[in-house]
Every structure is written in C-alpha cells, then in structure tokens.
Amino acid sequence: SDLPANCWSRLRPANMFNSYNVKFHHSKALTSPYPGSHIKRSQVPEDKVGWLTEWKDYNPVEYTAKSVLAGPSWADPQINDEGFSPKFNERDGEVERKSLNGLYVVENGRPRNPVGRTGLTGRGLLGRWGPNHAADPVVTRWKRDGSGNKVAHPVTGKNILQFVAIKRRDCGEWAIPGGMVDPGEKITATLKREFEEEALNALQKSPEEKARLEKQLHKLFSQEHFVVYRGYVDDPRNTDNAWMETEAVNYHDETGETMDNLPLEAGDDAGVVKWVDISEKLELYASHSYFIKLVAEKWGAHWSEDPGSECHE
C-alpha cells in the first residue's frame with residue numbers, strides 16, 4: 001500500500017487485487033448520490049472500508065433501482081424470492097457467478113463486495129447479486145499526420161496513441177465502449193459485439209451493412225491481442241452486494257488501415273464516439289483511465305509530460 005498509484009502498473013494488473021502489496025481503495029464506489037437517483041450512501045471513512053475492520057454501528061442504506069426490481073431478463077430476482085437459489089462462486093447455469101478475483105464471502109445469503117464497504121446494500125442499478133461481468137475493448141492506432149507519419153509528442157518525443165472513446169449517455173463521461181457479458185456469451189464475442197453496437201451503431205445497420213462491418217472487424221478482432229486487465233472495477237454503481245468486474249482487452253491497428261475504413265458512429269448507450277489522443281490528462285469513467293495508461297505503457301507511447309510519473313524498474 002506504500003506504492004504510489006502511478007506505479008501500480010508494475011504489478012501484474014490481472015492479479016492486482018490478489019496481491020497483498022496493493023491495498024485497493026474505493027473511490028467512485030463511495031460517491032453520492034447513487035447514479036440515477038437521489039439516494040445518499042452512508043458515509044464510510046477510508047479506515048473502515050475493509051471488512052476486517054470491525055464496525056458495529058455500520059448501517060448502510062438499502063437500495064435497488066425500480067428498473068432492476070421490474071425483473072428484466074438481465075437481472076436476478078430478489079434474494080428471498082421463491083424459487084431463486086443462486087449458486088455463488090460458481091457458474092450457475094448460463095450465469096457466471098465466479099469472481100475474477102477468487103472466492104468472495106456470502107453472508108446471510110448475500111455476496112459481500114470483496115474490496116469492502118460502500119455505504120449501500122442491495123444491487124443499485126446492477127442486475128446480478130455478486131459480480132456483474134463486463135468486457136471493455138480498447139481499440140488503438142497511432143496518431144498520424146496528413147502524410148501518414150506517426151505524430152510524436154513535442155515534450156516527450158514518444159509517439160501518440162489514440163483509442164476509440166464513447167461519451168456515455170447515462171452520465172456524460174468519456175469511456176471505453178464496453179458493456180455487459182450476456183449469459184452464456186464468450187468474452188471475445190462480447191468485446192466485438194459491444195464495439196460494433198456502441199462505436200459503429202451496428203444495431204441500426206441493414207443486414208448487408210452489418211455483414212460488411214463484420215468482415216472488416218474480423219481482421220482486427222482475430223489478431224493477437226493484449227489482455228490489459230481482468231478483475232474488480234471501482235464503479236459508481238457498486239454496492240456491498242453487487243459489483244462490476246471486467247476484462248479489458250487491447251486490439252491495436254498498427255497500420256491504421258483497418259480502422260480507416262470503418263465509419264465511427266455512436267449507437268446504443270453511446271452519445272458521441274471519436275478517436276481520442278491518449279495522455280494522463282484524460283478523465284474517464286470508472287477505472288478506464290488506469291486501463292488506458294497500461295495500454296500506453298505496453299506500446300511505449302506518450303502518457304505524461306512529467307518524467308516523475310513514469311515508473312522505471
């Protein structure tokens with residue numbers, strides 16, 4: 001826990017929360033009001049986030065959004081509903097209830113957030129009790145000038161990397177165009193589907209247009225890729241009993257030719273979509289800035305003008 005945040009990336013990100021070297025603090029998962037509501041979380045001091053710290057007076061607010069209680073196909077019933085007996089910490093039919101961070105505690109029939117208290121019980125806006133699995137495709141290319149040459153940053157001299165970013169309709173924040181894994185769906189299929197829906201507006205395309213997009217995207221999504229991060233996400237929707245986990249995967253278009261032929265068009269949950277230059281100045285949704293930083297490091301691209309923010313072995 002003595003490590004500065006900007007040196008986390010030296011640890012293996014896939015095992016970040018299983019590492020005893022890093023104490024992960026909730027930040028966005030403690031914010032009030034809860035997204036899409038006027039509900040205020042109970043305040044949780046930093047030294048009482050961890051479950052190992054005894055706190056007899058802890059009295060979190062209970063909240064599950066009406067949209068979840070209405071029983072859509074993507075949501076679980078309430079814990080005490082008749083006929084609902086979820087198998088936590090394992091695959092439960094088509095629903096994956098295993099966490100990417102290992103086993104989690106189930107107390108009084110409810111799963112417990114592995115990172116700690118959030119000041120809110122229930123599910124909030126999340127459909128599943130326990131882990132809610134998402135996938136985040138980070139599609140990148142090099143920034144190029146009119147002649148097709150890579151553009152270097154004037155201060156660091158490192159080439160500038162760009163990624164496809166969307167502006168979320170729900171909160172107006174910029175983000176990676178990801179989304180939830182459907183029951184029984186493979187992560188690779190989710191990554192491609194979400195990118196098509198949010199960054200290419202595939203849901204509004206004709207079957208012919210969609211087939212053409214699929215063909216072009218196949219080249220990008222079938223190439224070798226880099227798993228940026230697998231695990232818990234510090235998300236403003238998290239509660240004591242439901243939380244976001246993701247697999248962020250980088251698909252890099254080295255020549256830029258594949259993505260040059262794909263017209264970006266916002267769709268589904270996205271309000272706007274565009275190529276964005278990667279740097280530490282980006283303010284992104286949930287833990288997305290951290291994922292983008294890891295991608296920049298992987299490709300040796302520009303990140304910060306402050307030499308002290310780069311970590312060296």
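The structure presented is a predicted model; accordingly, all values stated were derived computationally and were not measured. (Residues numbered from 1 in each chain as written. Predicted model: local features only at pLDDT ≥ 70, side-chain atom pairs only at ≥ 80, totals over all residues. Heavy atoms only, no water.)

Participant: Please explain the nonpolar core as it appears in this structure.
Facilitator: The tendency in soluble globular proteins is for nonpolar side chains to be buried as a group. If you look at the biggest cluster of nonpolar residues, it comprises 55 residues, and the most contacted ones within it are Val139, Phe163, Phe195 and Ile292. Elements supplying a minimum of two residues to this core: strand 7 (130-142), strand 8 (161-168), helix 2 (187-199), helix 3 (207-222), strand 11 (226-232), strand 12 (242-253), strand 13 (270-277) and helix 5 (288-298). In this structure, Phe195 is in contact with Pro137, Val139, Val164, Pro177, Leu200, Leu217, Phe221 and Met259, ignoring residues within four places of it in sequence. Residues Tyr63, Ala65, Val68 and Leu120 belong to the second largest nonpolar core, which totals 6 residues. (Core = buried A, V, L, I, M, F, W, Y, C linked by side-chain atoms within 4.5 Å. Buried < 20%, exposed > 50% of the residue type's maximum accessible area, 1.4 Å probe, protein only. Helix = DSSP H or I, 4+ residues; strand = E, 2+ residues; numbered from the N terminus. Contact = heavy atoms within 4.5 Å.)

Participant: Would you explain the packing of helix 2 against helix 3 in this entry?
Facilitator: Between two packed helices, both the angle of their axes relative to each other and the distance between the axes serve to describe the pair. The contact between helix 2 and helix 3 brings their axes to 11 Å, and the two run at 135 degrees. What the angle tells us is that helix 2 and helix 3 run oblique. Between helix 2 and helix 3 lies a crossing whose hand is right-handed. The residues of helix 3 that touch helix 2, namely those facing Leu191, Lys192, Phe195 and Glu196, are Glu214, Leu217, His218 and Phe221. Its residues assigned to classes, the contact of helix 2 with helix 3 comprises 4 nonpolar, 1 polar and 3 charged. (Axes fitted to C-alpha atoms, helices over the stretch in contact; angles between N-to-C directions. Parallel < 35°, antiparallel > 145°, perpendicular 65-115°, else oblique. Left-handed = near helix turned anticlockwise from the far one by under 90°. Nonpolar A, V, L, I, M, F, W, Y, C, P; charged D, E, K, R; others polar.)

Participant: Sorry if this is basic, but what is going on with the pattern of salt bridges here?
Facilitator: Any two side chains of opposite charge can pair, given that their charged atoms come close. Under the counting rule described, the total for this entry stands at 21 salt bridges. A salt bridge links Arg91 to Glu96; the shortest N-O distance between them is 3.6 Å. Arg91 gets classed as partly exposed once you look at its relative accessible area, which sits at 40%. Residue Glu96 is classed as partly exposed on the basis of its relative accessible area of 27%. In this structure, Arg97 and Asp92 form a salt bridge, with 2.8 Å as the shortest nitrogen-oxygen distance. For the pair formed by Arg97 and Asp92, the shared burial category is buried. The network of salt bridges with shared partners includes Asp182, Glu185, Arg193, Glu194 and Glu197. (Salt bridge = Lys/Arg side-chain N within 4 Å of Asp/Glu carboxyl O.)

Shape descriptors only; they carry no functional weight alone.
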